[in-house]
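Residue-level structure breakdown
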Amino acid sequence: MNAALPDPDTAPELFEGVLTRRMMAFVVDMVIILMMVFALAIVGGIAGFLTFGLAWLGLIVLLPLSIVLYYAATLGSPRRATVGMQMMDIVLTPTRASTLDGGMAVLHALLFWVSVWIFWPISLGIALFTPRRQMLHDLILGTLMVRRSPMTRHWASYQANAGRAF
């Protein structure tokens, strides 16, 4: 385990209300995604009539692609959070020696949807009983959801202590 990884015993403020915040962030993100999909469906529907149904075929690819791009653009950004996560003051952090780029963000979103929609009781149960409140997809990918504002202080403190060690 990474020595820089936050511990709920020594930094409980990082994990305070994370599961509730994750659920609220999910609701906010679903509203945003539904508005985006609705707007695309309207535009695609109109374009379908103008192209004698040809544009409707594009919706089959465009709608899921727009959702994937939403996650890639938000989770893969330097903020490492969707709009809902930013509103709830949580951030996705890698726990392994990997970066959280657009590809990892897309993979995180895909595993999230698979684990939540197929294994939701298991995924939620794991989050209730792991000390860092990680869900199934977090454990598989090596990610961690923490509060953003206290996390900034935690990483600054860790970097300062690591600098003194050398």
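That block above? That's the structure.
Residues numbered from 1 in each chain as written. Predicted model: local features only at pLDDT ≥ 70, side-chain atom pairs only at ≥ 80, totals over all residues. Heavy atoms only, no water.

**Side note on helix H2 (residues 54-75)**
Two residues of an α-helix separated by three or four positions point the same way, owing to the 3.6 residues in each turn. Given a rise of 1.5 Å per residue, 22 residues ought to cover 32 Å, and the 33 Å separating the end C-alpha atoms of H2 matches this to within 8%. Along H2, the sharpest change in direction is near 35° and occurs at Ile60; proline Pro64 comes one to four residues later. Summarising the contacts, the buried residues of H2 are in contact with helix H1 (18-50), helix H3 (83-87), strand E1 (90-94) and helix H4 (102-129). (Helix = DSSP H or I, 4+ residues; strand = E, 2+ residues; numbered from the N terminus. Expected span 1.5 Å × (residues − 1). Bend = angle between axes of the 7 residues up to and from the residue. Contact = heavy atoms within 4.5 Å.)

**Section: the packing of aromatic side chains**
The full count for this structure, using the stated rule, is 6 aromatic pairs. A centroid spacing of 5.7 Å and a plane angle of 55° characterise the contact between Phe26 and Trp113, whose relative ring orientation is tilted. Taken together, the positions of Phe26 in helix H1 and Trp113 in helix H4 put the pair 87 residues apart, joining distant regions of the chain. Note on Phe26: relative accessible area 27%, which makes it partly exposed. Taking 5.6 Å as the distance between ring centres and 75° as the angle between the ring planes, the aromatic pair formed by Tyr70 and Tyr71 counts as edge-to-face. Taking relative accessible area as the criterion, Tyr71 reaches 6% and is therefore assigned buried. Put simply, the rings of Phe26, Phe112, Trp113 and Trp117 touch in pairs and so form one group of aromatic residues. (Phe/Tyr/Trp six-rings, centres within 6.5 Å; stacked < 30°, edge-to-face > 60°. Buried < 20%, exposed > 50% of the residue type's maximum accessible area, 1.4 Å probe, protein only.)

**Here's the deal with the pattern of salt bridges**
Using the criterion set out here, one finds 2 salt bridges in the structure. A salt bridge links Asp138 to Arg22, with the shortest nitrogen-to-oxygen separation between them at 2.6 Å. With a gap of 116 residues between them, Asp138 in helix H5 (residues 136-141) and Arg22 in helix H1 connect regions that are remote in the sequence. Its relative accessible area of 11% is what places Arg22 among the buried residues. Across the pair Arg147 and Asp89 runs a salt bridge whose closest N-O atoms are separated by 3.2 Å. Of this pair, Arg147 sits in strand E2 (residues 143-147) while Asp89 is found in the loop between H3 and E1, placing the two residues 58 residues apart along the sequence. (Salt bridge = Lys/Arg side-chain N within 4 Å of Asp/Glu carboxyl O.)

**Quick word on the pairing of E1**
With 4 of 5 residues buried, E1 lies mostly within the body of the structure. In the sheet, E1 pairs with E2 via 5 bridges, with the strands oriented antiparallel. Its bridge partner lying in E2, Thr93 is registered against Leu144. (Pairing = 2+ DSSP bridges.)

**Things to note about the packing of H1 against H2**
It is at 9 Å that the axes of H1 and H2 come closest, and there the two elements cross at 160°. With respect to H2, the axis of H1 lies roughly antiparallel. Pair H1 / H2 crosses with right-handed handedness. Residue composition of the contact of H1 with H2, by class: 18 nonpolar, 4 polar and 1 charged. (Axes fitted to C-alpha atoms, helices over the stretch in contact; angles between N-to-C directions. Parallel < 35°, antiparallel > 145°, perpendicular 65-115°, else oblique. Left-handed = near helix turned anticlockwise from the far one by under 90°. Nonpolar A, V, L, I, M, F, W, Y, C, P; charged D, E, K, R; others polar.)

**With respect to the packing of H1 against H4**
One can describe the packing of H1 onto H4 by two numbers: an axis separation of 14 Å at closest approach and a directional angle of 145°. Between H1 and H4 lies a crossing of left-handed hand. Here Leu19, Arg22, Phe26 and Met30 of H1 lie close against H4, whose contacting residues are His108, Phe112, Trp113, Ala127 and Leu128. The residue makeup of the contact of H1 with H4, split by class, is 7 nonpolar, 1 polar and 1 charged.

As far as function goes, none of this settles anything; it's purely spatial.
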